Amino acid sequence: MPRKTRAKAKPRRKAAAPSWRARLRLWVLRGVLGVVGLGLAWIVAYRWIDPPTTPYILAERARLGTVQQDWVPMERIAPDLARAVVAAEDANFCRHWGFDMAAIRDAIEAGGNRGASTLSQQVVKNVFLWHGRSWPRKALEALITPVMEATWPKRRILEVYLNVAEFDAGVFGVGAAAPHYFGTAAGDVSLRQAAALAVVLPNPKARSARSPGPGLQRRAASVADGAETIRRDGRSACFED
């Protein structure tokens, strides 16, 4: 019988090497994922690590030559001071997830003349971004704020804010502001002094907690009442022991 012969296997074609465009897309994707990963790690790390500085503090140090900042942990900050700042800047701090939608609607109805940034948004701007009005910064702020809210407790967000907010030209945080204005520690300020510090925050270079005018005095009295109100109605529960 004739012997069967095996059909010769056809040689496999080598896979075509990816084009330079495909390689470029791959490297861009890897770069983007790397940047996002590093950004997430940076945000999460500050839940436990106190920010050594911020872009704005660096800019002010370069402009002024020196700045004052003395980091104070939350347990050494007077409760009245924490409540006064929340009452003045973001009374619904414990009730939102980073954005106060009611305040945003009110600001839109007012024609954009009223601020609607929460304390969380201000922490993102102060710690991770730059100052100034621009759409890229606002877009990054909108992306980072929910991530920070999801990974930091409210108490930590407020602690960082109280330590990086500007209270006078080159004076950052309550640890430097309390002795600067009143010659006392951040843990020893009275409710009146706390309210005076809080009303400085929207415009620290033009306002003084040491010698406020009649308008600021009335505003400080309102903030002091607000601090007591959020204590009574539970809106300070998320950052108090």
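Quick note: structure is the one above.
Residues numbered from 1 in each chain as written. Predicted model: local features only at pLDDT ≥ 70, side-chain atom pairs only at ≥ 80, totals over all residues. Heavy atoms only, no water.

Caption draft 1: The state of the cysteines, seen in detail. Tallying each qualifying case throughout the model produces 1 disulfide. Between the sulfur atoms of C94 and its disulfide mate C238 the distance is 1.9 Å. Across the S-S bond linking C94 and C238, the dihedral sits near -75 degrees, which makes this disulfide left-handed. Of the two residues, C94 is situated in the loop between α3 (79–89) and α4 (101–109) and C238 in the segment after α10 (214–232); the sequence distance between them amounts to 144 residues. Residue C238 is classed as partly exposed on the basis of its relative accessible area, which comes to 28%. (Disulfide = S-S within 2.5 Å. Helix = DSSP H or I, 4+ residues; strand = E, 2+ residues; numbered from the N terminus. Buried < 20%, exposed > 50% of the residue type's maximum accessible area, 1.4 Å probe, protein only.)

Caption draft 2: Seen up close, the side chain of R83. Take R83: it is sitting in helix α3. Using a relative accessible area of 11% as the deciding quantity, one classes R83 as buried. Side chain to side chain, R83 and E240 meet in a polar contact 2.5 Å long. Those residues within four positions of R83 in sequence are excluded, and the remaining contacts are A227, I230, R231, S236, F239 and E240. (Polar contact = N/O pair within 3.5 Å; in protein donor to acceptor, adjacent residues only side chain to side chain. Contact = heavy atoms within 4.5 Å.)

Caption draft 3: Quick peek at helix α2 (residues 55–64). If you check which residues of α2 are buried, you get Y56, I57 and E60. The buried side chains of α2 occupy one side of the element, clustering within an arc of 100 degrees when seen end-on. Buried residues along α2 sit in contact with β1 (68–69), β2 (166–168) and β3 (171–172). At the C-terminal side of α2, G65 shows a positive phi close to 95 degrees. (Arc of directions from axis to C-beta.)

Caption draft 4: Geometry of the sheet that holds β1. Taken together, 3 strands build an open sheet; the order of strands is β1-β3-β2 and the sheet is mixed. Strands at the two margins of the open sheet, each flanked by one partner only, are β1 and β2. Relative to β3, β2 is paired through 2 bridges, and the arrangement is antiparallel. Each bridged residue has a counterpart across the sheet, and for E166 the counterpart in β3 is F172. (Pairing = 2+ DSSP bridges.)

Caption draft 5: The side chain of T184, seen in detail. Tracing the backbone through its elements, the reader meets T184 in the loop between α8 (174–182) and α9 (191–198). The exposure class assigned to T184 is buried, which follows from its relative accessible area of 19%. With sequence-adjacent residues up to four places away left out, T184 is seen in contact with A178, P179, V189 and Q193.

Caption draft 6: Examining α8 more closely. Turning to α8, its buried residues are V174, G175, A176, A177, A178 and Y181. Where the residues of α8 are buried, they touch β1, α3, α7 (154–164), β2, β3 and α9. Just downstream of α8, G183 is the residue with a positive phi angle, here 65 degrees.

Caption draft 7: A look at the nonpolar core. In terms of nonpolar packing, the biggest core is built from 56 residues, with L81, F128, W152, L158 and L162 touching the most fellow members. At the level of elements, α3, α5 (119–128), α6 (135–151), α7, α8, α9 and α10 are the ones that each hand at least two residues to this core. Among the elements that line this core, the one with the most residues is α3, at 7 residues. (Core = buried A, V, L, I, M, F, W, Y, C linked by side-chain atoms within 4.5 Å.)

Caption draft 8: Layout of the packing of α3 against α7. Two elements in contact, α3 and α7, have axes whose closest approach is 11 Å; the angle formed by their N-to-C orientations is 90 degrees. Here α3 is positioned roughly perpendicular relative to α7, judged by the angle of their axes. Residues A82, V85, V86 and E89 of α3 form the contact with α7, whose participating residues are L158, Y161 and L162. (Axes fitted to C-alpha atoms, helices over the stretch in contact; angles between N-to-C directions. Parallel < 35°, antiparallel > 145°, perpendicular 65-115°, else oblique.)

Caption draft 9: Summary view of the pattern of salt bridges. If you walk through the whole model with that rule in mind, you get 12 salt bridges. One salt bridge connects R231 with E228, and the closest N-O pair in it is separated by 3.1 Å. Note that R231 and E228 are positioned in helix α10 at a spacing of 3 residues, about one turn of the helix. On the accessibility criterion, R231 (38% relative accessible area) is partly exposed. The exposure class of E228 is partly exposed, given its relative accessible area of 23%. In the salt-bridge network here, residues are joined through shared partners; they are E60, R63, E166 and K205. (Salt bridge = Lys/Arg side-chain N within 4 Å of Asp/Glu carboxyl O.)

Caption draft 10: Layout of the packing of helix α1 (residues 20–45) against α6. At their nearest, the axes of α1 and α6 sit 9 Å apart, and the two run at 45 degrees to each other. Judged by the inter-axis angle, α1 sits oblique to α6. The hand of the α1/α6 crossing is right-handed. Contacts from L40, I43 and V44 in α1 reach I144, V147, M148 and T151 in α6. (Left-handed = near helix turned anticlockwise from the far one by under 90°.)

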